[in-house]
Amino acid sequence: MHAIGIDIGGTKIAGAVVTELGEIIAEDRVATNAADPNAMLDDVVSMVERLSSGHEVGAVGVAAPGFIDASQSIVYYTPNIRWRNEPLRQKLQQRLGDLHITVDNDANAAGWAEFRFGAGRLVSDMTMLTIGTGVGGAIVTEDRLFRGGFGTGGEIGHLRIVPNGLPCGCGARGCIEQYGSGRALQRMANDVADAGGIGSALADAREANGGELDGHIVGDLILADDPGALAALRRLGRHLGEACASLSAVLDPQLFVFGGGVASAGDRLLDPIKQAYLNNLPARGYHPEPDFVIAELVNDAGVVGAADLARIHARTA
């Protein structure tokens, strides 16, 4: 059975028809109209209608940012879209008729895609962190996606790692998202630029860009092995590695997978993560050590995971 996966992001809505083997056979995308949820709903419906034309589709999975309830139906809260207790599945079902609809968290969808078809396909227990503008997370344990009692589990980005640390958009302080995200990397790169010395290339790039360092500039300097940019990345990796050590004490995954834009740094990111992990691992030397890898599906993970979760949900409903 083919399924459609829809991945709603902050700037674009991506959609695809996905086979049972995780292969994309048709795809579409439009800009996200985050300021108008009704117009965005129209866009999703239109995209599903376009994608289903000419394909035998039995289910539609929508991956949305924010908190999703345990029945994979209601979006409790999305920070950048005006959804509050939004009955998204019901609204889509009313307009799409016989198609089986399910809604899931976007990081869960991406993590499930990696588990089923990507970097995690050979393990039973995997933890994924998506390092983008924020930090998303997905947990697979004993071959099942972990959602928690209310459906909102796995929000790794809001695990607190620094007591009374930087304020987070969730209302707490010291969350991983403030120390391990793309925005955190930009802040750390600015700190290195301000300090001079190895930060000279960062400072020059900032001046040439009107006094701002964006993610593309920092990323290019990282890939060019600029010492200042790498110092900022190592600082980011240290925080992520410390967080992974704490997660291991609870989840004991066989594999940590890192996705998102910052993960394009590859081993430059993984090396400081692994070192900090080992430095903070309880019972080091007596505790089995997981592998650390970069995600394989990259930008397709959200639609592939959403489609596969919808297919599974339709068969068990």
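Up top is the structure these notes are about.
Since the structure is predicted, the reported quantities are computational estimates derived from the model, not experimental observations. (Residues numbered from 1 in each chain as written. Predicted model: local features only at pLDDT ≥ 70, side-chain atom pairs only at ≥ 80, totals over all residues. Heavy atoms only, no water.)

S.K.: Help me out: how do you make sense of the sheet that holds strand β3 (residues 24–31) in this one?
M.R.: Sheets are built from strands paired through backbone hydrogen bonds, the pairs being either parallel or antiparallel. Taken together, five strands build an open sheet; the order of strands is β3-β2-β1-β4-β8 and the sheet is mixed. Strand pairing shows two members of the sheet lacking a second neighbour, β3 and β8 (100–105), which therefore form its edges. Each neighbouring strand pair of the sheet contributes to a mean axis angle of 15 degrees, computed without reference to strand direction. Where helix α10 (residues 301–316) meets the sheet, it contacts β1 (2–8), β2 (12–18), β3, β4 (57–64) and β8, and its direction lies at approximately 130 degrees from that of β1. (Pairing = 2+ DSSP bridges. Helix = DSSP H or I, 4+ residues; strand = E, 2+ residues; numbered from the N terminus. Axes fitted to C-alpha atoms, helices over the stretch in contact; angles between N-to-C directions. Contact = heavy atoms within 4.5 Å.)

S.K.: Looking at this structure, how should I read the environment of Asp42?
M.R.: Along the polypeptide, Asp42 turns up in helix α1 (residues 37–52). Looking at Asp42, its side chain comes within polar contact range of the side chain of Arg95, at 2.7 Å. (Polar contact = N/O pair within 3.5 Å; in protein donor to acceptor, adjacent residues only side chain to side chain.)

S.K.: So what exactly am I meant to see when it comes to the environment of Ala184 here?
M.R.: Looking at the secondary structure, you find Ala184 in helix α5 (residues 182–195). Judged by its relative accessible area of 1%, Ala184 is buried. Put simply, Ala184 and Asp98 are 86 residues apart on the chain and 44 Å apart in space, counted from C-alpha to C-alpha. (Buried < 20%, exposed > 50% of the residue type's maximum accessible area, 1.4 Å probe, protein only.)

S.K.: Just checking my understanding: could you explain the packing of aromatic side chains for this structure?
M.R.: Two numbers describe a pair of aromatic rings. These are the distance of the centres and the angle of the planes. All told, the structure shown has six aromatic pairs when counted by the stated rule. With centroids separated by 6.3 Å and ring planes inclined at 10 degrees, the aromatic side chains of Phe258 and Phe292 adopt a geometry described as stacked. Of this pair, Phe258 sits in strand β12 (residues 255–259) while Phe292 sits in strand β13 (residues 291–294), and the two are 34 residues apart along the sequence. The class for Phe258 is buried, based on a relative accessible area of 0%. (Phe/Tyr/Trp six-rings, centres within 6.5 Å; stacked < 30°, edge-to-face > 60°.)

S.K.: Can you walk me through the side chain of Thr32 in this structure?
M.R.: Position of Thr32 among the secondary structure elements: in the loop between β3 and α1. Ignoring any residue separated from it by four or fewer positions in sequence, one finds Thr32 in contact with Gly9, Gly10, Thr11, Lys12, Ile13 and Met40.

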